[in-house]
Amino acid sequence: MCGRYAVTTDPAKLAAEIDAINEVPVPLDPAGDESADDKSAKDESANNEPASAERGTSGRSPGPNYNVAPTTTVMTVVRRHAPDDADDDPALRIRAMRWGLVPPWAREVGKGPLLFNARAESAAEKSSFRSSVKSKRCLVPMDGWYEWKKGPADAKGKPTKVPFFMSPHDGTRLFMAGLWSVWRPKDAARDTPPLLSCSILTTDAVGHLRDIHDRMPLIMPFENWDPWLDPDHTAPAELFAPPSEAIADAIDVREVAPLVNRVANNGPELLEPV
């Protein structure tokens, strides 16, 4: 699975890096303003929408964050047509979205399961993700992700979980396959800004990554970006398969301090090996 991750770039830098249009507002505090539902969720760690309507956000802007948790506003990469020209060539765009997909048919935000992950092998069969699989696929950039492994019992005999951080050996950025959605309150006016939200796809862990957890986020290599992000066609089935052994072998695994267990802790020290 993928319930926490770290990202150390910002939307403007990312847009320049991948030659994309930055549609994210000026960055604010990455933690943002949280509702009680959002804080509780972190502790537990619409097809045919016009392009102009897709550009709404939750009102918070993402930036560098060493402890990204569900309900945080995060950076995503999409490929979409211009708002006023559906016949143009779609362009890469950086958008801010809530991490935790809200289906278009949901009655309200924060009620029901927190859909921050979706299983790649079955997402197309689920009502919450079916329409997104068809035409709203995205990438979620990150430096790496955290996972927990069962550790020895503590002094009181309680089981412990040891955190690990997975990231590329060479320090390059990862782009995970994701799904996204557009949501508006029921009976909202047409010009009401929508909520954009996303979910990270997970798949069977590969190679040495299985030593930490049996699931991992689905890494999308650059050569597969075009078919994955194509807004006009479904993605080939093979893109939903686990990554190759070569991709998994390029990921470094290191134990980190339990500081990451608390969302309030957010700094480069979270990535330091122990």
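Since we're looking at a predicted model, the values are computed, not measured. (Residues numbered from 1 in each chain as written. Predicted model: local features only at pLDDT ≥ 70, side-chain atom pairs only at ≥ 80, totals over all residues. Heavy atoms only, no water.)

1. Describing the overall build of the protein chain
Check the secondary structure of the protein chain and you find five helices and 13 strands. Within the protein chain, the proportion of its 274 residues that are buried is 51%. Within the structure as shown, the protein chain displays about 13,000 Å² of accessible surface, and the carbon and sulfur contribution to it stands at 51%. (Helix = DSSP H or I, 4+ residues; strand = E, 2+ residues; numbered from the N terminus. Buried < 20%, exposed > 50% of the residue type's maximum accessible area, 1.4 Å probe, protein only. Areas by Shrake-Rupley, 256 points an atom, 1.4 Å probe, with all protein chains shown as cover.)

2. Topic: the confidence of the model for the protein chain
Detailed reading of the predicted coordinates is not advisable wherever pLDDT is low. Looking at the protein chain as a whole, its pLDDT mean stands at 88, while 87% of the residues score no less than 70. The model gives residues 28-53 a pLDDT under 50, and that stretch makes 49 contacts with residues more than four places away or in other chains. (pLDDT = per-residue confidence, 0-100. Contact = heavy atoms within 4.5 Å.)

3. With respect to the pattern of salt bridges
By the definition in use, this model includes nine salt bridges. Its salt-bridge partner being Glu-121, residue Arg-215 comes within 2.9 Å of it at the nearest N-O pair. Residue Arg-215 is located in strand 12 (residues 215-217), and its partner Glu-121 is located in the loop between strand 6 (117-119) and helix 3 (130-135); the two are separated by 94 residues in the primary sequence. In this structure Glu-121 comes out as partly exposed when scored by relative accessible area, which is 43%. Of the charged contacts, one joins Asp-143 and Arg-173 as a salt bridge, the two residues approaching to 3.7 Å between their closest N and O atoms. A residue pair is termed long-range when its members are at least 10 positions apart, and Asp-143 in the loop between strand 7 (137-142) and strand 8 (144-151) and Arg-173 in the loop between strand 9 (160-168) and strand 10 (174-183) qualify at 30 residues. Where salt bridges share partners, they join Arg-119, Glu-121, Asp-204 and Arg-215 into one cluster. (Salt bridge = Lys/Arg side-chain N within 4 Å of Asp/Glu carboxyl O.)

4. Here's the deal with the packing of aromatic side chains
Taken as a whole, this structure holds seven aromatic pairs when the rule is applied. Ring geometry for Trp-99 versus Phe-116: centroids 5.8 Å apart, planes at 80°, classification edge-to-face. Linking Trp-99 in strand 5 (residues 91-99) with Phe-116 in the loop between strand 5 and strand 6, this pair joins segments that are 17 residues apart in sequence. Across the pair, Phe-116 and Trp-99 agree in class, each one buried. We note Lys-136 situated over the ring of Trp-180; from NZ or CZ to the ring centre the distance is 5.5 Å. The ring of Trp-228 carries Arg-137 above its face, with NZ or CZ at 5.7 Å from the centroid. (Phe/Tyr/Trp six-rings, centres within 6.5 Å; stacked < 30°, edge-to-face > 60°. Lys NZ or Arg CZ within 6 Å of the ring centre and 35° of its normal.)

5. Brief notes about the pairing of strand 8
Here two bridges tie strand 1 (residues 5-7) to strand 8, and the two strands are oriented antiparallel to one another. Bridge pairing links Tyr-5 to Trp-145 in strand 8. The pairing of strand 8 with strand 9 spans seven bridges and is antiparallel. Looking across to strand 9, one finds that Gly-151 is bridged to Thr-160. (Pairing = 2+ DSSP bridges.)

6. Things to note about the state of the cysteines
According to the stated counting rule, one finds zero disulfides in the structure shown. Unpaired in terms of disulfides, Cys-138 finds its nearest cysteine sulfur in Cys-198, a separation of 5.3 Å. (Disulfide = S-S within 2.5 Å.)

7. Some remarks on the environment of Val-263
Topologically, Val-263 is positioned in the segment after strand 13 (251-255). Separated by 196 residues in sequence, Val-263 and Asn-67 place their C-alpha atoms 6.2 Å apart.

8. Notes on the side chain of Ser-128
Within the secondary structure, Ser-128 sits in the loop between strand 6 and helix 3. Not counting the four nearest positions on each side in its chain, Ser-128 is found in contact with Leu-101, Pro-103, Trp-105 and Leu-115.

9. Thoughts on the sheet that holds strand 3 (residues 65-68)
Spatial strand order, 3-1-8-9-13: five strands in an open sheet with antiparallel pairing. Only two strands of the sheet have a single neighbouring strand rather than two, namely strand 3 and strand 13. Sheet twist, expressed as the average angle between the axes of neighbouring strands with direction ignored, equals 30°. By the bridge criterion, two bridges tie strand 1 to strand 3 in an arrangement that is antiparallel. Along strand 3, the bridge assignment pairs Tyr-5 with Val-68. (Axes fitted to C-alpha atoms, helices over the stretch in contact; angles between N-to-C directions.)

10. Brief notes about unusual backbone geometry
The backbone of Thr-71 shows a phi angle near 85°, a positive value even though the residue is not glycine. Locating Thr-71 in the fold gives a position in the loop between strand 3 and strand 4 (73-80). According to the relative accessible area criterion, Thr-71 is buried, its value standing at 1%. With a phi angle near 65°, Asp-187 is a residue other than glycine that sits in the positive phi range.

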